[in-house]
Amino acid sequence: MSGKRQWSGAPNRKAESRGYRGWNERGFLPHRDEPGLTQFVTFRLIDSFPAALRSEWEALFLIESDRERRRQLEAYLDKGHGACLLRRSDVAQVVEESLRFRHGSPYELRAWVIMPNHVHVLFKTGEMPMSTIVHGWKDFTAHAINKLLRRRGALWQEDYWDTYMRDAAHELKSRRYIESNPTKAKLVLDPKAWPWTSARHRDAHGALHL
């Protein structure tokens, strides 16, 4: 983490006053939260890694490489464990509307997909830190979905996974990963056939229209 700080720099006072934290770490998850970064975030339902199946996934969290650990954890998510509440259209709609509600300010959506037990979002931060944006999505949707389903208790896993985009090529690769997730998980043959994804809003040239 200290090496990463050396070349990224700390957030300036104005950014800090708005809640940006620069490089920070909670547990084993490193985060880079600075103004203007495009972030690839994954957050998941609380039962997506069931306690009864701990022997299957526990070792994945101990993989040293950040990239390989995330790759294997996301592959495990695609197996669709848990109640998969996001498979319900009314529940998925709550999440998608929350993501799109403040598009343009304080963030710009670049891509998203709502899978049965997790959500991928690619977005560029503006005047609000990544952590605040993600917390807002999770807090609002948890209350709305619990009310809709007449349930109580936590809906989302507390933390989330994030990767900032180094350049345009990295962003394009991440966008394609996000929008092809339903086909990779063998849920549909065509990414645009999945109802809860930015792929449905792209024109023939790949431009996103919201």
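Higher on the page you've got the structure.
I will try to describe carefully the structure that is included in this document. (Residues numbered from 1 in each chain as written. Predicted model: local features only at pLDDT ≥ 70, side-chain atom pairs only at ≥ 80, totals over all residues. Heavy atoms only, no water.)

What follows is about the pairing of strand 5 (residues 118–125). Of all 8 residues in strand 5, 7 are buried; the element is thus mostly enclosed. Sheet topology note: the strand 3 (residues 38–44)/strand 5 ladder contains 7 bridges and is antiparallel. Looking across to strand 5, one finds that Phe40 is bridged to Leu122. Here 7 bridges tie strand 4 (residues 107–114) to strand 5, and the two strands are oriented antiparallel to one another. Opposite Glu108, over in strand 5, you have Lys124 as the bridge partner. Counting the residues in the hairpin turn of strand 4 and strand 5 gives 3 residues. (Buried < 20%, exposed > 50% of the residue type's maximum accessible area, 1.4 Å probe, protein only. Helix = DSSP H or I, 4+ residues; strand = E, 2+ residues; numbered from the N terminus. Pairing = 2+ DSSP bridges.)

Before going further, it helps to examine helix 4 (residues 66–77). The end-to-end C-alpha distance of helix 4 is 16 Å, a good match for the 16 Å that 12 residues give at a rise of 1.5 Å each. Looking only at helix 4, the buried set comprises Arg69, Arg70, Leu73, Glu74, Tyr76 and Leu77. Within helix 4, the buried residues cover an arc of 155° as seen down the axis, which keeps them to one side. (Expected span 1.5 Å × (residues − 1). Arc of directions from axis to C-beta.)

One open sheet accounts for 4 strands, arranged 4-5-3-6; its pairing is antiparallel. Because the sheet does not close on itself, it has two edges, and the strands there are strand 4 and strand 6 (161–164). Between one strand and the next, the sheet's axes are offset by a mean angle of 15°, whatever the strand orientation. As paired elements, strand 3 and strand 6 share 4 bridges and run antiparallel to each other. From the neighbouring strand, Thr42 faces strand 6, where its bridge partner is Trp161. Each of strand 3, strand 5 and strand 6 touches helix 4; the most contacted strand, strand 3, lies at about 45° to it. Running over the sheet, helix 6 (residues 130–149) touches strand 3, strand 4, strand 5 and strand 6 and is turned about 140° from strand 5. (Axes fitted to C-alpha atoms, helices over the stretch in contact; angles between N-to-C directions. Contact = heavy atoms within 4.5 Å.)

Another point: the packing of aromatic side chains. As enumerated under the stated definition, the model contains 11 aromatic pairs in all. Their ring planes at 85° and their centres at 5.2 Å tell us that Tyr107 and Trp137 sit as a pair that is edge-to-face. Here Trp137 lies in helix 6 and Tyr107 lies in strand 4, a separation of 30 residues in the sequence. Looking at Trp137, the relative accessible area reads 4%, which means it is buried. One aromatic cluster is present, formed by Phe43, Tyr107, Phe123, Trp137 and Trp156 through successive ring pairs. (Phe/Tyr/Trp six-rings, centres within 6.5 Å; stacked < 30°, edge-to-face > 60°.)

Time to look at the side chain of Asn181. Inspection of the secondary structure puts Asn181 in helix 7 (residues 168–184). Taking relative accessible area as the criterion, Asn181 reaches 0% and is therefore assigned buried. For Asn181, the side chain forms a polar contact with the side chain of His120, separated by 2.9 Å. (Polar contact = N/O pair within 3.5 Å; in protein donor to acceptor, adjacent residues only side chain to side chain.)

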